[in-house]
Amino acid sequence: MKAEIFSIGTELLMGELTDTNAAWIAGRLPPLGIQLQWVSIIGDNLDMLSEAFIRGMERSDIIFTTGGLGPTQDDLTREAVAKAFGETPTVQEEVVRDLEEYFRSRGTDMPSHNIKQAHLIPSARFIPNPNGTAPGWWTQRDGKIVLNMPGPPGETHPMWEDQIAPHLRELITGEVTITRNVKTMGMSEGAIDEIVGEFFGHDNPYLGIYSKADGIHLRVIARAKDEASARTMIEPVE
């Protein structure tokens, strides 16, 4: 299953914030059998966002997004998904009540602009967010899935672990990908290549070599029907 990630927000393009969500999500896709092919940073522009969703659904099975689910005018992820799917969002009264209760529990009234967080299109369902006011969207149609998550990691990570990953495990039945990293010290890249050269050039398991500031790293990557089988393939190389 092919996937891509959209990190949404003009503040990311301006360098005002560093995108950590994409790397965090990317590291959790291989064990689910999801092959990440594209990562994009997109500004808060409705036309650009909707075009990106249309293009993404042509080449990928799943699109993961973070950001753009807030209550302000420049939070346009929901509107862009609706435009890409050609569907009209409507207010879900039960979510309005949940939002009102969220603010009431904090001793204040809900600002009127937060009502946009209660909008939903027919092909989508809400992903609960107990850590903030922005519920996610799980949109699915014609074999394509778009998963919209909030930008703050403190909301994204729990939503992924509790709401998204468990459903993806049930949904995806293809190969999984497992990696094993081996760190070396005190040896050059060329010297290591001489020692483990017999393991290079194979597709599965694949061995990669990477020069980093703290030493030369070796990464063994295996694809198999399940995690146990993949680890069995990695073991002799390790």
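For the structure, check the block above.
Residues numbered from 1 in each chain as written. Predicted model: local features only at pLDDT ≥ 70, side-chain atom pairs only at ≥ 80, totals over all residues. Heavy atoms only, no water.

A. Summary view of the sheet that holds strand β6 (residues 124-127). Taking strand neighbours across the sheet as the criterion, the six strands line up as β2-β1-β3-β8-β7-β6 in an open arrangement whose pairing is mixed. A single partner strand is all that each edge strand has here, and the edge strands are β2 (35-42) and β6. Strand-to-strand twist in this sheet, taken as the mean axis angle between neighbours without regard to direction, amounts to 15°. Bridge count for strand β1 (residues 2-8) against strand β3 (residues 62-66) is five bridges, and the pairing is parallel. Bridge pairing in β3 links E4 to I63. (Pairing = 2+ DSSP bridges. Helix = DSSP H or I, 4+ residues; strand = E, 2+ residues; numbered from the N terminus. Axes fitted to C-alpha atoms, helices over the stretch in contact; angles between N-to-C directions.)

B. Region of the structure containing the environment of V237. By secondary structure assignment, the location of V237 is in helix α8 (residues 227-237). Given a relative accessible area of 19%, V237 falls into the buried group. With 41 residues separating them along the chain, V237 and V196 place their C-alpha atoms 8.9 Å apart. Contact partners of V237, with chain neighbours within four places excluded, come to F199, P205 and V220. (Buried < 20%, exposed > 50% of the residue type's maximum accessible area, 1.4 Å probe, protein only. Contact = heavy atoms within 4.5 Å.)

C. Representation of helix α4 (residues 77-85). Along α4, seven of the nine residues are buried, which leaves the element largely enclosed by surrounding structure. Within the span of α4, buried status applies to T77, R78, A80, V81, A82, A84 and F85. Positive phi appears at G86, one or two residues downstream of α4, with a value of about 70°.

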